[in-house]
Amino acid sequence: MLETMLSYLQYSFMQRALIVGALVSLCAALLGVSLVLKRYSMIGDGLSHVGFCALSVAAAANLAPLAVAIPVVMAAAFVLLRINERTRVKGDAAIAMLSTTAVAIGVIVISMTEGMGEVSEYMFGKILSLTDSDVVISIALCVAVLAIFVFLYHRVFAITFDEPFARATGTRVGALNTLIAVLTAVTIVIGMRMMGTMLISSLIIFPPLTAMRVFSRFRDVAIGAGVIAVVCFLIGILFSSYFERMPAGACVVAVNAVMFVLFSGIGAVLRRR
């Protein structure tokens, strides 16, 4: 199996897939730690549905997919924050409203347009279709996410567990929440190319929850989630490369699920001791 994987590394499409996949997995896991702890983990699912709508419209209008999807999903993330902060519609309800509306619009566009094959790649993922621009964006995204967790770690910690306290200490809570939401939006759009709309939210949810089975400190959970996400992605790609009929996105999610069960068992043993 390993020899098969190594033989694929000579191809540029596989190199791009590994670079983008590993970096997006890392970004999704780190951002997911804060989102999961704030009980806002399903934002990934909601934003992916908005991304599907944007990509449907872009394909119908013969526009560049990423040029349309990224700003639209960013705007959706901003709207979700404003709804959550300024109205009585909170968290999961706001996400449900926005995501279902986006899917409805996307389905209507698809039903009225022919030749929408490209959009199906975003629904179910096609990791080998990644381009050089995806690599550049993913590298820039990873640098930004790592910079936040390195230089603004204490502020991220504060807004995750106690926003009123963070605001009282002078932290610009709204600006930092918006920044995290925007980075999450970019992560979702790039991740849809490899995982698909249906599976991308798993990269945000699984690694943090898996790390929390064993670790309890925020820093340890963040580091553990990042490592778990990258390892699960690489193992998933390995299986997908060896068993050619197995989709890469589905393999990555399956490995994440197995890792969650494994860490749950390890955590249970550690708690008994």
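Counting starts from 1 at the beginning of each chain's written sequence and moves along it residue by residue. Local features in a predicted model are, by the rule used here, given only for residues with pLDDT of at least 70; side-chain atom pairs are given and counted only at 80 or more, and totals for whole chains, interfaces and linings are based on all residues. Here the side-chain values reflect all heavy atoms present in the structure, with hydrogen atoms and water set aside.

1. Comments concerning the overall build of the protein chain
- Per the secondary structure count, the protein chain includes 13 helices and zero strands.
- Strands here mean DSSP runs of E at least two residues long; helices mean DSSP runs of H or I at least four residues long; both are numbered from the N terminus. Reading the secondary structure of the protein chain in the N-to-C direction produces α-α-α-α-α-α-α-α-α-α-α-α-α.
- Taken over C-alpha atoms, the radius of gyration comes to 19 Å for the protein chain, in line with the 19 Å a tight globule of 273 residues would show.
- Reported as C-alpha extents along the three principal axes, the dimensions of the protein chain are approximately 55 × 45 × 30 Å.
- Classification of residues uses two cut-offs on accessible area relative to the type maximum, computed with a 1.4 Å probe and protein chains only: under 20% is buried, over 50% is exposed, and between them is partly exposed. In the protein chain, buried positions account for 49% of the 273 residues.
- For this analysis, residues touch if any pair of their heavy atoms sits within 4.5 Å. Considering only contacts in the protein chain between residues 6 or more positions apart, those separated by 24 or more positions represent 77%.
- For the protein chain, the computed accessible surface area is about 13,200 Å², with 67% contributed by carbon and sulfur atoms. As a reference, a globule follows 2.2 Å times the number of residues to the power 0.38, and the radius of gyration itself is taken over C-alpha atoms. Note on areas: these come from Shrake-Rupley sampling with a 1.4 Å probe, and a residue is covered only by the protein chains present in the view.

2. Brief notes about the packing of aromatic side chains
- Side-chain rings of Phe, Tyr and Trp, where Trp is taken by its six-membered ring, are said to pair if the distance between their centres is within 6.5 Å; with planes under 30 degrees apart they count as stacked, over 60 as edge-to-face, and otherwise as tilted. Per the counting criterion, the structure on display carries six aromatic pairs.
- Consider the rings of F157 and F218, whose centres lie 5.5 Å apart with planes at 80°: the pair is edge-to-face. With F157 in helix 8 (residues 153-161) and F218 in helix 12 (residues 218-242), the pair connects residues that are 61 residues apart, well separated along the chain.
- Residues F206 and F260 carry aromatic rings whose centres are separated by 6.3 Å and whose planes lie at 65° to one another, so their mutual orientation is edge-to-face. Placement of F206 in helix 11 (residues 202-212) and of F260 in helix 13 (residues 248-272) is noted, with a sequence separation of 54 residues between them.
- Overall, F206 belongs to the partly exposed group, its relative accessible area being 21%.
- A residue is classified by how much of its surface remains accessible, and F260, at 26% relative accessible area, is partly exposed.
- Ring-pair connections join several aromatic residues into one group, and the members of that group are Y153, F157, F161 and F218.

3. Section: the UniProt feature "transmembrane region" (unreviewed entry) in the protein chain
- UniProt positions are given in the numbering used here, feature names are shortened, and annotations may be inferred rather than shown by experiment. UniProt feature "transmembrane region" (unreviewed entry): in the numbering of this structure it lies at residues 17-37, 57-81, 93-113, 133-153, 174-192, 198-215, 222-240 and 246-270.
- A helix fraction of 84% and a strand fraction of 0% characterise residues 57-81, whose end C-alpha atoms lie 24 Å from each other.

4. Considerations on the environment of C53
- Looking at the element boundaries, C53 is found in helix 3 (residues 43-60).
- Exposure remark for C53: the relative accessible area of 12% places this residue in the buried category.
- Between the C-alpha atom of C53 and that of I110, which follows or precedes it by 57 residues, the distance is 9.4 Å.
- If we skip the residues at most four places from it in the chain, C53 touches A102, I105 and G106.

5. As for the confidence of the model for the protein chain
- Per-residue confidence from the predictor is given as pLDDT, running between 0 and 100. The pLDDT averaged across the protein chain works out to 84; a share of 90% of its residues lies at or above 70.
- Across the protein chain, element-level confidence peaks in helix 11 with a mean pLDDT of 93 and bottoms out in helix 1 (residues 2-8) with 63.

6. Observations concerning the nonpolar core
- We define a nonpolar core as any set of buried Ala, Val, Leu, Ile, Met, Phe, Trp, Tyr and Cys residues linked to one another through side-chain atoms lying within 4.5 Å. Residues L47, I127, V145, L203 and F233 are the most contacted members of the largest nonpolar core, which totals 80 residues.
- Here this core gets 15 residues from one element, more than from any other, and that element is helix 2 (residues 12-37).
- Once you skip the residues sitting within four places of it in the chain, L47 turns out to touch V73, A76, A77, L80, T184, A185 and I188.

7. Things to note about the state of the cysteines
- Two cysteine sulfur atoms form a disulfide, by the criterion used here, when they sit within 2.5 Å. All chains considered together, the criterion is met by zero disulfides.
- In this model C142 remains outside any disulfide bridge; the closest cysteine sulfur is found in C27, 4.2 Å from its own.
- Given a relative accessible area of 6%, C142 falls into the buried group.
- You can see C232 has no disulfide; the closest cysteine sulfur is in C251, sitting 12 Å from it.

8. What to know about unusual backbone geometry
- The phi dihedral of N62 is positive, around 55°, even though this residue is not glycine.
- Note that N62 resides in the loop between helix 3 and helix 4 (65-86).
- A relative accessible area of 71% places N62 in the exposed class.

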